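# What the coordinates show
As a plain string of letters, each chain reads:
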Amino acid sequence: MAKSVFSNVQAGLPIAVFQLTIDYKADTSPLKVNLGVGAYRTDDGVPWVLPVVRQVEEQMAADRSLDHEYLPISGLQDFTSGAVRMILGDDSPAIVQNRALGFQALSGTGAIRLGADFIHKHLNGNVAYVPVPTWPNHYGIFQKAVQYKEVRTYRYWRAESRDLDFEGMAEDIKAAPEGAVIILHACAHNPTGVDLTTDQWKKIAEIVQERKLLPFFDCAYIGFATGDVEKDSWAVRYFVSKGIEFFAAQSFSKSFGLYNERVGNLTVVMNNADYKNRIKSQMELIARAMWSNPPNHGARIVATVLNNPALYKQWQGHIKEMSSRVFSMREMLYQHLKSLGTPGTWNHIVDQIGMFTFTGLGPKQVQGLRNRHHIYCLSTGRINMCALTTKNVEHVAKAIHDVVTTITED
């Protein structure tokens, strides 16, 4: 047999969060719990299709005027304009003055990729800063896909006290070179669940302006974090009020439960409306070579909801329901650990926000959860709070208590 052109291809490392799900599915224990993948679950432990999404899908299926023609490269106009209004606010000066651009992308991942590529090609961007820790795909996009010369880090998580190292964060960002891209999690920081206060955001905005840096907001949890879009968008809107130019990658996976529809938008805020069409035209060329045209189905669902007051109000009730359940699971896990007398402080579980909690568990303890108790989570100790239910939270708390009291990390 002739030698194959593929013979020298080496197997890639498995992507941790997806491998975790494969391993979980192979586990036959009735006690198994998957705290890894970042998706919402009901108290019955199953995915939830939002009722308003079902309603709009039924309307779409019955609408004979809809077809499957290509969307514009920049996306469905009703979707991009609605997404921009959602994150910036209807009365945003950037919208009123026509200084905000929306461009449809393949979820938040695609929006970050599109923005990173545009900055690299047209703004001479070669240095990006990410928090420690951060969503691993930030490295995958800026370092591997777009090939920035440097992806540097700024301090964020303070392990010893399990909170934000704001002084370190501010110091590191202040040391960034002019023009550097600063990745900022708008709310519900992934993976720690630790967010900045409004005063801390104001300080970061001040540093960004002084150092002439380029903020890039990762906005994966707007609405989902607290159930309040305005509150979750506060940092982004504050940067607009200070006249700062920035990029914001929006995902509608969590807030609409549209995980497999890949619904995303890249919002760009500039200081002069004259730049808008030029930016859009260059982004169209980038998108044309990556995905050519974006998908319609999920974008049309989101657009219909965002542009219809009655449906929007219904959706607001859904995001409040989801965020409230997460808050209640945080409280229940905390109270169980407290009643068990689990060593250490666990108040960070209720102090953190959003889908994830950074427990502080080490790799050996995480392995102990899996081997002894059939509980699956990432080696970093990050757990998905949505995967906790009233039926399994006590089991999880007892398992955490067990590994903390019997397994010592190096």
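It should be noted that the structure appears before, not after, this text.
What counts as what
- Residues numbered from 1 in each chain as written.
- Predicted model: local features only at pLDDT ≥ 70, side-chain atom pairs only at ≥ 80, totals over all residues.
- Heavy atoms only, no water.
- Axes fitted to C-alpha atoms, helices over the stretch in contact; angles between N-to-C directions.
- Helix = DSSP H or I, 4+ residues; strand = E, 2+ residues; numbered from the N terminus.
- Parallel < 35°, antiparallel > 145°, perpendicular 65-115°, else oblique.
- Left-handed = near helix turned anticlockwise from the far one by under 90°.
- Contact = heavy atoms within 4.5 Å.
- Nonpolar A, V, L, I, M, F, W, Y, C, P; charged D, E, K, R; others polar.
- Salt bridge = Lys/Arg side-chain N within 4 Å of Asp/Glu carboxyl O.
- Buried < 20%, exposed > 50% of the residue type's maximum accessible area, 1.4 Å probe, protein only.
- Expected span 1.5 Å × (residues − 1).
- Arc of directions from axis to C-beta.

Relative orientation of the contacting elements helix 8 (residues 198–211) and helix 10 (residues 234–241) amounts to 40 degrees, with a least axis distance of 10 Å. By the angle between their directions, the pair helix 8 and helix 10 is classed as oblique. In terms of crossing hand, the pair formed by helix 8 and helix 10 is right-handed. Across the interface between the two elements, Thr198, Trp201, Lys202, Ile204, Ala205 and Val208 from helix 8 touch Trp234, Ala235, Tyr238 and Phe239 from helix 10. A per-class count over the contact of helix 8 with helix 10 returns eight nonpolar, one polar and one charged.

This model, assessed by the stated rule, comprises 16 salt bridges. Notably, a salt bridge pairs glutamate 150 with arginine 152, separated by 2.9 Å at the nearest N-O pair. According to the relative accessible area criterion, glutamate 150 is partly exposed, its value standing at 35%. We classify arginine 152 as partly exposed; its relative accessible area is 29%. Glutamate 171 serves as the salt-bridge partner of arginine 155, at 3.6 Å between the closest nitrogen and oxygen.

Right, let's talk about the packing of helix 13 (residues 297–306) against helix 14 (residues 309–340) for a bit. The interhelical angle for the contact between helix 13 and helix 14, taken along N-to-C directions, is 105 degrees, at an axis separation of 6 Å. Between helix 13 and helix 14, the angle falls in the class roughly perpendicular. Every residue of helix 14 that contacts helix 13 at Thr304, Val305 and Leu306 is listed here: Leu311, Tyr312 and Trp315.

A few words now on helix 2 (residues 51–62). In an α-helix there are 3.6 residues to a turn, and that puts residues three or four apart on one side. Here helix 2 is twelve residues long and its end C-alpha atoms lie 17 Å apart, about the 16 Å a rise of 1.5 Å per residue gives. Considered for burial, the residues of helix 2 that qualify are Val52, Val53, Val56 and Met60. Each buried residue of helix 2 lies within a common arc of 100 degrees when the element is viewed along its axis, so the set occupies one face. Within helix 2, the exposed residues directed more than 90 degrees away from the buried face are Glu58, Ala61 and Ala62. For helix 2, the elements touching its buried residues are helix 11 (253–256), helix 13 and helix 14.

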